[in-house]
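Observations on chain architecture
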There are 2 protein chains.
Amino acid sequence: MKRAGLTEARLVQAAAELADENGLPAVTLSALARRFDVRPASIYSHVAGLDGLLDLVAAFALQELADALAETLPGKAGRSALFAFADAHRAYAIAHPGRWQAAQRRVSPEAAAGSAGGVIARSARAIVSGYGLSPDDEVHGVRLLGSAINGFVALESGGGFDHSDPPAAASWTRVLDAIDSSLRAWPTADPHPDRPTD
Amino acid sequence: MKRAGLTEARLVQAAAELADENGLPAVTLSALARRFDVRPASIYSHVAGLDGLLDLVAAFALQELADALAETLPGKAGRSALFAFADAHRAYAIAHPGRWQAAQRRVSPEAAAGSAGGVIARSARAIVSGYGLSPDDEVHGVRLLGSAINGFVALESGGGFDHSDPPAAASWTRVLDAIDSSLRAWPTADPHPDRPTD
DNA sequence: TTTACAAACTACAGCCTATAGGCACAAAGC
DNA sequence: GCTTTGTGCCTATAGGCTGTAGTTTGTAAA
């Protein structure tokens, strides 16, 4: 009986490929076992069940994304950093839809702190910081950016833009332009004080 | 043998409640059957399997959201309409997390056309239209709005904002303010022509 | 060579979706 | 009132999934 050479890293890698090929729900321990020509039960020696595996895939994806950012961001600031940041996200989500889906999983506090999510968040903060918002407003700017990117990518890959023209890609730059100009002219005071800021 | 009184409508309603209580993945035909004290197989007479059921729940949720919009939007325009539109979305997602999740399911073209999704999209278009963008730009504005709302709600309910201060709610108005001012000062020409608009 | 750990196995239990075919209740026709 | 017919819900079953327990077997160190 030859050993199959299972490893946490190999399992995560294979799971990520499976997710990209057939969608995250297709990632099952059985399918993974089939791919390694091994019995499902054998996987439990290397990974904490399906949930643990998916957590690892998520962390793996975040790390890949962080690496992509580390490649593209240095030397950029302001608008060009913002576009690079956003483009890296969208490109990753398009190239690796399954991994991207995995990265959206709700993750435990500890796991979040330990994963590359933190460094991505700090990147975003640094970019927004370059726009010179007040310190209190920076976090709001980061959240605007994060919401727009995540929302756009989710809607695009979910087909939400498929039934209106023009294609989604055409809107991407316009949306980022809007975010950019919004950060440059950040509304410091509530322009319509009839709605209290809660 | 008493009849349980299964009905498509009752099944969808119960599934929606189940989704809100325990999350969308908890919606299984078995769980539903248990709730009606019926055998799983019986459900297939009323609904096209689990997938068909979830599609119905999604349509149901979109209809509820459209109804909420129809309640709150009339008489409003501009910023106040934008806030009402966005608030209705977020409130619905918070009040009915499972239904909201269901509504995010990728849905077939025909189903999308038939569902209330279309009327919601038209609401968004009407609101953006009030900001006086050029006709070509309206769709981009709509997509900006949609992306920001969906993204924010997804991140908030996924706990994405939990580990930074202040609480997510505080950012909500700021994000909407930013979208509002972005629409009012829509960047008509690319302010930095070094990046071509694709 | 022997020992001992770890990798992978068999065997199950339990839950899920889905299909096929049967029984029985309820309203429509005689 | 009795029969017919449709359909609501049933049983039975097949097949896939996760996860646990206990066992065999490689392999590497003593």
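Quick look at the structure, then. Every value quoted in this text rests on a predicted model; they were computed, and no experiment measured them.

**Brief notes about the protein's contact with DNA strand D**
Taken together, 21 residues form the shell around DNA strand D, and within it Thr28, Leu29, Ser30 and Gly49 of chain A together with Leu6 of chain B come nearest. Among the elements of the structure, helix 2 (29-36) and helix 3 (49-72) of chain A together with helix 3 (40-43) of chain B are those that each provide at least two residues to the surface near DNA strand D. Classifying every residue of the surface near DNA strand D by side-chain character gives 11 nonpolar, six polar and four charged.

**As for the interface of chain B and chain A**
Many analyses report the size of an interface as the accessible area lost when the parts associate. The interface is formed by 42 residues belonging to chain B together with 42 residues belonging to chain A. For the side of chain B that touches chain A, the element with the highest residue contribution is helix 9 (residues 135-157) of chain B, accounting for 13 residues. Looking at the side of chain B that touches chain A residue by residue, the class counts come to 18 nonpolar, 16 polar and eight charged.

**Some thoughts on the protein's contact with DNA strand C**
Contacts to DNA strand C come from 21 residues, most closely from Leu6 of chain A together with Thr28, Ser30, Ala41 and Gly49 of chain B. Of all elements in the fold, only helix 2 (29-36), helix 3 and helix 4 (49-72) of chain B reach the threshold of two or more residues within the surface near DNA strand C. Looking at the surface near DNA strand C residue by residue, the class counts come to 12 nonpolar, six polar and three charged.

**Quick notes on the nonpolar core**
Residues Ala15, Val57 and Ala61 of chain A together with Ala15 and Val57 of chain B are the most contacted members of the largest nonpolar core, which totals 117 residues. Ala15 of chain B has contacts with Val27, Leu32, Leu53 and Val57 of chain B, leaving out every residue within four places of it along the chain.

**Things to note about helix 10 (residues 168-184) of chain B**
In this model helix 10 of chain B runs 25 Å from its N-terminal to its C-terminal C-alpha over 17 residues, within 8% of the 24 Å that 1.5 Å per residue would give. Along helix 10 of chain B, the residues classified as buried are Ser171, Trp172, Arg174, Val175, Leu176, Asp177, Ala178, Ile179, Asp180, Ser182 and Leu183 of chain B. Contact partners of the buried residues in helix 10 of chain B: helix 8 (135-157) and helix 9 (168-184) of chain A together with helix 5 (78-95), helix 8 (117-129) and helix 9 of chain B.

**Looking at the environment of Arg174 of chain A**
All names here are of chain A. Tracing the sequence through the fold places Arg174 in helix 9. Judged by C-beta crowding, with 20 C-beta atoms within 10 Å, Arg174 ranks as buried. On a C-alpha basis, the gap between Arg174 and Ala58 in space is 29 Å, while along the polypeptide they are 116 residues apart.

**Focus: the packing of helix 8 of chain B against helix 9 of chain B**
All names here are of chain B. Contact geometry of helix 8 with helix 9 gives a least axis separation of 9 Å together with a crossing angle of 115°. Of the possible angle classes, the one that applies to helix 8 and helix 9 is roughly perpendicular. The element helix 8 and its partner helix 9 pack so that their crossing is right-handed. Residues Ala124, Arg125, Val128 and Ser129 of helix 8 pack against Glu138, Gly141, Val142, Leu145 and Gly146 of helix 9. In terms of residue class, the contact of helix 8 with helix 9 is built from four nonpolar, three polar and two charged.

The rules behind each value
The written sequence of each chain sets the order in which its residues are numbered from 1. Chains carry letters from A onward and ligands carry numbers from 1 onward, assigned in written order. Only residues with pLDDT of 70 or above have their local features reported here, since the model is predicted, and side-chain atom pairs are shown and tallied only from 80 upward, although totals for entire chains, interfaces and linings are computed over all residues. For each residue, a C-beta atom is placed from the backbone, and the residue counts as near a molecule or strand when that atom lies within 6 Å of it. Comment: elements are numbered from the N terminus, with helices defined as DSSP H or I runs of at least four residues and strands as E runs of at least two. Gly counts as polar in this scheme, as do all residues outside two lists: the nonpolar Ala, Val, Leu, Ile, Met, Phe, Trp, Tyr, Cys and Pro, and the charged Asp, Glu, Lys and Arg. For every residue pair, C-beta atoms are placed from the backbone, and the pair is scored as a contact if these atoms sit within 7 Å. The term nonpolar core refers to a set of buried Ala, Val, Leu, Ile, Met, Phe, Trp, Tyr and Cys residues connected through C-beta atoms within 7 Å. Remark: C-beta atoms are placed from the backbone, and a residue is labelled buried if 20 or more other C-beta atoms sit within 10 Å of its own, exposed if 12 or fewer do, or partly exposed between those counts. The span one expects for a helix is its residue count, reduced by one, times 1.5 Å. Axes here mean lines fitted to C-alpha atoms, for a helix over just the part in contact, with angles spanning 0 to 180 degrees between N-to-C directions. Any angle that is under 35 degrees is reported as roughly parallel, and any over 145 degrees as roughly antiparallel; angles of 65 to 115 degrees are reported as roughly perpendicular and all others as oblique. Crossing chirality is assigned from the near helix's rotation relative to the far helix, an anticlockwise turn below a right angle marking it left-handed and a clockwise turn marking it right-handed.

Purely geometric stuff here, so don't read any function into it on its own.
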